[in-house]
Amino acid sequence: MKKNIEPCYYGDYLQLDKILGAQKLQSAKYGEPAHEETLFIIVHQVYELWFKQVLHELNTVIDTFNQETVKDQQLTQVVLRLQRVIQIQRLMNDQIAIMETMTPQQFLSFRDYLVPASGFQSIQFKRLEISLGLKREYRIDFDQQSFYNRLNDDDRALLEGLEKKPSLFELVDKWLSRMPLLKTTDFDFWAYYKSAADEMLSDDRNTIATNDTLSDADKRQEMKDWQSTRDNFDALFEHQQYETLREEGKFRLSHEAMLSALFIKQYSEEPIFNLPFQLITALTEIDEQLTIWRYRHAMMVQRMLGTKIGTGGSSGHHYLKKTTESNRIFLDFFNMATFLLPKHALPTLPDPVRKMLGFYLN
Ligand code: HEM
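An account of the accompanying structure is given in this report. (Residues numbered from 1 in each chain as written. Predicted model: local features only at pLDDT ≥ 70, side-chain atom pairs only at ≥ 80, totals over all residues. Heavy atoms only, no water.)

Some words on the overall build of the protein
Going by this rule: Put simply, DSSP H or I for four residues or longer makes a helix, DSSP E for two residues or longer makes a strand, and each gets a number counted from the N terminus. Note on areas: Shrake-Rupley, 1.4 Å probe, and residue coverage restricted to the protein chains presented here. Neither His nor the chain ends is counted toward charge; the positive residues are Lys and Arg and the negative residues Asp and Glu. Positions of charges follow a simple convention, taking NZ of Lys, CZ of Arg, CG of Asp or CD of Glu.
If you tally the helices and strands in the protein, you get 18 helices and zero strands. In the form shown here, the protein has an accessible surface area of approximately 20,900 Å², with 54% of it arising from carbon and sulfur atoms. Counting 43 positive and 51 negative side-chain charges, the protein places the centres of these two groups 5 Å from one another.

Below you can see the structure in the form of structure tokens.
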């Protein structure tokens, strides 16, 4: 590191003249400056700054996974950066409460001046979604065209270019798929797993069948859910069946990636799985925090607008609530809990396999 020769001045370094001079009220243009519009602008600007930081972290993570091999040292850095992203997301979720100190009526005093601008046009938010893996085909119907139609040509071209690049989801899927762990041994782990799963599922079925507190209708419903879990389990051990369910949208991870992730989750305490487990946990958390943001934002919108439409032309609260349920990225990491077996039901791993999973110096 070189010695600094020029004195640095706080305000110049942070370019505060630009940042603090960037709150221009729309309402002032029409002669009636609305007090709360300053809050509205600042809260949005702060979000955009945090989006910038999140993208800064995420892009390096994507670059790391976009290589033939990912070294352990790099994985440590990836996990640290994703944990930073999660902390920022938590803060962003809390910031909604600051916006909610504005009453709906105060909002109405300047809202109409904002048309047709909208969060739809937050390019950084859309970059974030797309980079994580929310490409066009995974969005809800309205969302597939809606925001693209509201962008200027440059922004649309930028996002369409990003759609063509591999997302973090795709790269992590590839990385998990090429894990060699399950292919270097004669030990048939999945055959053992299947028989343990069969036992667990038949216990579950029995519990439903003998539960006298359930009405006939409830019992039928629980049996239907049980059958769907059974089908998903069967697909886990049958490549073609898995692919069929994947095409129907029941899974998004490739079959190989799903099995690797499951193995990592089942044996997360094994030294070699420590970082991969932290990675999967961090991605799960990122999806959860993003979903919480969507939910809190939708609730805030309901509070401010009721059932009014948004300035960007969507149905407002109704549309946003739908994205909460549907625009998920790492959902498989959540649903994977369906397939987890209790520790006692797992096979004792043969010595050669254990050795591969630990750090043995001799
Ligand atoms: C009074 C406060 C707010 C209201 C009433 C509001 C309203 C809305 C509405 C109705 C939409 C749907 C699109 C449309 O038809 O316009 C939307 C989308 C969006 N808003 Fe807000 N919003 C508020 C605050 C914020 C804040 C503080 C942020 C922070 C950046 C934000 C970011 C977004 C984003 C990123 C979208 C796109 C979401 C998506 O397409 O899934 N909004 N907002």
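Regarding the site of the ligand
Formally: Any residue with a non-hydrogen atom lying within 4 Å of a molecule or strand is treated as near it. Polar contacts, as counted here, are pairs of nitrogen or oxygen atoms within 3.5 Å of one another; within protein the pair requires one atom able to donate a hydrogen and one able to accept it, and residues that are adjacent in sequence qualify only if both atoms are side-chain atoms.
In the vicinity of the ligand lie 27 residues, with S118, K126, H297, G312 and S314 positioned nearest. The contact in question runs from a nitrogen atom of the ligand to an N or O atom on the side chain of H297, over 2.9 Å. Within the side chain of S314, an N or O atom sits 2.7 Å from an oxygen atom of the ligand. Listed by contribution, the elements that provide at least two residues to the shell around the ligand are α4 (35-65), α7 (123-132), α15 (274-305) and α16 (317-326).

Re the packing of α4 against helix α5 (residues 72-99)
Just so we agree on the cut-off: Only the contacting stretch of a helix is used when fitting its axis, a line to C-alpha atoms as for every element, and angles between N-to-C directions run 0 to 180 degrees. By the definition adopted for this analysis, an angle is roughly parallel if under 35 degrees, roughly antiparallel if over 145, roughly perpendicular if from 65 to 115, and oblique otherwise. Each crossing is labelled by how the near helix is turned from the far one, with a counterclockwise turn of less than a right angle marking it left-handed and a clockwise turn marking it right-handed. In this classification, Asp, Glu, Lys and Arg are treated as charged, Ala, Val, Leu, Ile, Met, Phe, Trp, Tyr, Cys and Pro as nonpolar, and every other residue, Gly included, as polar.
At a closest axis distance of 10 Å, the pairing of α4 and α5 adopts a crossing angle of 165°. The orientation of α4 relative to α5 falls into the category roughly antiparallel. At the point where α4 passes α5, the crossing takes the left-handed sense. Of the residues contributing to the contact of α4 with α5, the split by class is 21 nonpolar, six polar and three charged.

Concerning the coordination of the iron atom of the ligand
The test is simple: Counted as donors are the N, O and S atoms within 2.8 Å of the metal, or 3.2 Å for Na, K and Ca, while water is not among the atoms, so some sites may look incomplete.
Looking at the iron atom of the ligand, one finds just one donor atom contributed by the protein, H297 (NE2), at 2.2 Å. Relative to the helices and strands, H297 is located in helix α15.

Notes on the environment of T229
Basically, it comes down to this: Note on exposure labels: buried denotes an accessible area under 20% of the residue type's maximum, exposed denotes more than 50%, and partly exposed covers the range between, all computed with a 1.4 Å probe on protein chains only. We call two residues in contact whenever any of their non-hydrogen atoms come within 4.5 Å of each other.
Inspection of the secondary structure assignment puts T229 in helix α12 (residues 216-236). The class for T229 is partly exposed, based on a relative accessible area of 23%. Between the alpha carbons of T229 and T338 there is a distance of 7.5 Å; along the sequence they are 109 residues apart. Beyond its immediate stretch of four places on either side in the chain, T229 contacts L201 and T338.

Things to note about the packing of α4 against helix α10 (residues 168-177)
Relative orientation of the contacting elements α4 and α10 amounts to 35°, with a least axis distance of 9 Å. Considering only the axes of α4 and α10, their crossing is left-handed. Contacts between α4 and α10 involve L58, V61, I62 and F65 on the former and, on the latter, L168, L171, V172 and W175. Residues of the contact of α4 with α10, tallied by class, amount to eight nonpolar, no polar and no charged.

Things to note about the packing of aromatic side chains
The geometry of an aromatic ring pair is captured by two quantities: the separation of the ring centres and the angle between the planes. The cut-off we apply is this: Here a pair means two rings of Phe, Tyr or Trp (six-membered ring of Trp) with centres within 6.5 Å. Their orientation is stacked below 30 degrees between planes, edge-to-face above 60, and tilted elsewhere. When the NZ atom of lysine or the CZ atom of arginine is within 6 Å of a ring's centre and also within 35 degrees of its normal, the charge is said to sit over that ring.
Applying the stated criterion to the full structure yields 23 aromatic pairs. The positively charged end of R205 is found above the aromatic ring belonging to W226, 5.2 Å away from the centroid. If you follow R252 out to its NZ or CZ, it ends over the ring of F169, 4.1 Å from the centre.

Things to note about the nonpolar core
How we decide: Here, the term nonpolar core denotes a set of buried Ala, Val, Leu, Ile, Met, Phe, Trp, Tyr and Cys residues that are joined through side-chain atoms within 4.5 Å.
Among the nonpolar cores identified, the biggest contains 97 residues, and F65, L82, L132, L168 and F333 are the most heavily contacted of them. When residues of this core are assigned to their parent elements, the largest contribution, 13 residues, is made by α15. Those residues in contact with L168, other than ones at most four positions away along the chain, are L58, V61, I62, F65, S131, L132 and L283.

A short note on helix α11 (residues 189-209)
Using the following cut-off: What a helix is expected to span follows from its residue count: subtract one and scale by 1.5 Å. Working note: the arc is built from the helix axis to C-beta atom directions.
For α11, with 21 residues, the first-to-last C-alpha span of 30 Å sits near the 30 Å given by 1.5 Å per residue. The complete set of buried residues in α11 reads F189, W190, Y193, A196, A197, L201 and I208. The buried side chains of α11 occupy one side of the element, clustering within an arc of 140° when seen end-on. Check the buried side of α11 and you find it contacts α12 and α14 (255-266).

A word on the side chain of S27
Note on placement: S27 falls in helix α3 (residues 26-29). A relative accessible area of 0% means that S27 is categorised as buried. Reaching out from S27, the side chain makes a polar contact with the side chain of E37 at a distance of 2.6 Å. Apart from residues no more than four positions distant in its own chain, S27 is found in contact with E32, P33, A34, E37, F110 and Y113.

A word on the environment of L20
Here L20 shows up in helix α2 (residues 16-20). The class for L20 is exposed, based on a relative accessible area of 61%. Residues L20 and E32 lie twelve residues apart in sequence; the distance between their C-alpha atoms is 21 Å.

Section: the pattern of salt bridges
Put simply, the rule reads: The salt bridge criterion pairs a side-chain nitrogen of Lys or Arg with a carboxyl oxygen of Asp or Glu, the two atoms within 4 Å.
Tallied over the full model, the rule gives 19 salt bridges. A salt bridge links R294 to E129; its shortest N-O distance comes to 2.8 Å. Residue R294 is located in helix α15, and its partner E129 is located in helix α7; the two are separated by 165 residues in the primary sequence. We classify E129 as buried; its relative accessible area is 1%. Here R328 makes a salt bridge to D287, at a shortest N to O gap of 2.7 Å. Taken together, the residues span a long stretch of sequence, with R328 in the loop between α16 and α17 (331-335) and D287 in helix α15 at a distance of 41 residues. The class for D287 is buried, based on a relative accessible area of 4%. What emerges from the salt-bridge pattern is a single network uniting K126, E129, R139 and R294.

The values reported here are purely geometric and, on their own, carry no functional implication.
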